[in-house]
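# A structural walkthrough
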Amino acid sequence: MARARSEERRAEILRATLEVIAERGYRGASLSAVAERVGLTQQGLLHYFPTKDDLLVAVLEERDQWDTGGSGRSAGAWRLDLLDSLVEYNAMRPGIVQTFSALLGESVTEDHPARDFFTHRYTQVRAGMAAALRTEYGDVLPGGLTPEQAAPLLVAVMDGLQYQWLLDPRSVDMPAAFRDFLSLLRRSPAP
């Protein structure tokens, strides 16, 4: 019973942290703002997450769990149709996408606490995308690229579309643009 309550409280803290980061960015988000939002003292919050960095990594890991449906899906278990569904799902949750995108952008600095998380995550994601492409097309895609060559492009399109969509959602139909990209992958080059 106490463990369930503790897990419930952690989930509440993670949701509040996402909200605060979405409003203020990581650097502008404070532990006291998160604590206040969930009705805890800062010391009470530190019981669940000893540092702001611990809290940030937990938020990012939780977000990845949402993306995989909590299934614990490994990076290599994606399918292209599931990626299409993920892009559709992201289009329904702009706040989460905005927070992730802001943290990703901030993490490129040497001292950012999420840098290692994102570096490791992208290594796994590229491997997962290569595996999905290999499952779909074999060792060579119709355009002549290997899955390993196409995987970083696939990830770049997904993330780049998110930024464009966040900046101008009326002009960028993220799910449709991603489906267009998938159709490009399926085409053979012109003779």
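Worth saying up front: this structure is predicted, and the values here are computed from it rather than measured. (Residues numbered from 1 in each chain as written. Predicted model: local features only at pLDDT ≥ 70, side-chain atom pairs only at ≥ 80, totals over all residues. Heavy atoms only, no water.)

Tallying each qualifying case throughout the model produces three aromatic pairs. With 5.4 Å between their ring centres and 65° between their planes, F100 and F118 make a pair best called edge-to-face. Of this pair, F100 sits in helix α6 (residues 94–106) while F118 is found in helix α7 (residues 115–137), placing the two residues 18 residues apart along the sequence. Ring plane angle 80° and centroid distance 5.4 Å describe the contact between F117 and F118, whose orientation is recorded as edge-to-face. The class of F117 is buried, set by a relative accessible area of 14%. Classification of F118 as buried rests on a relative accessible area of 3%. Connected via pairs of aromatic rings, a cluster forms that spans F100, F117, F118 and Y122. In this arrangement the basic side chain of R121 is found over the ring face of Y122, its NZ or CZ atom lying 5.5 Å from the centre. (Phe/Tyr/Trp six-rings, centres within 6.5 Å; stacked < 30°, edge-to-face > 60°. Helix = DSSP H or I, 4+ residues; strand = E, 2+ residues; numbered from the N terminus. Buried < 20%, exposed > 50% of the residue type's maximum accessible area, 1.4 Å probe, protein only. Lys NZ or Arg CZ within 6 Å of the ring centre and 35° of its normal.)

For the structure on display, the rule yields ten salt bridges. When the shortest N-O distance is used, the salt bridge between D81 and R79 registers 2.8 Å. We classify D81 as partly exposed; its relative accessible area is 43%. One salt bridge in this structure joins E88 and R179, with 2.6 Å as the shortest N-O distance. Of the two residues, E88 is situated in helix α5 (residues 80–91) and R179 in helix α9 (residues 174–186); the sequence distance between them amounts to 91 residues. Given a relative accessible area of 35%, R179 falls into the partly exposed group. (Salt bridge = Lys/Arg side-chain N within 4 Å of Asp/Glu carboxyl O.)

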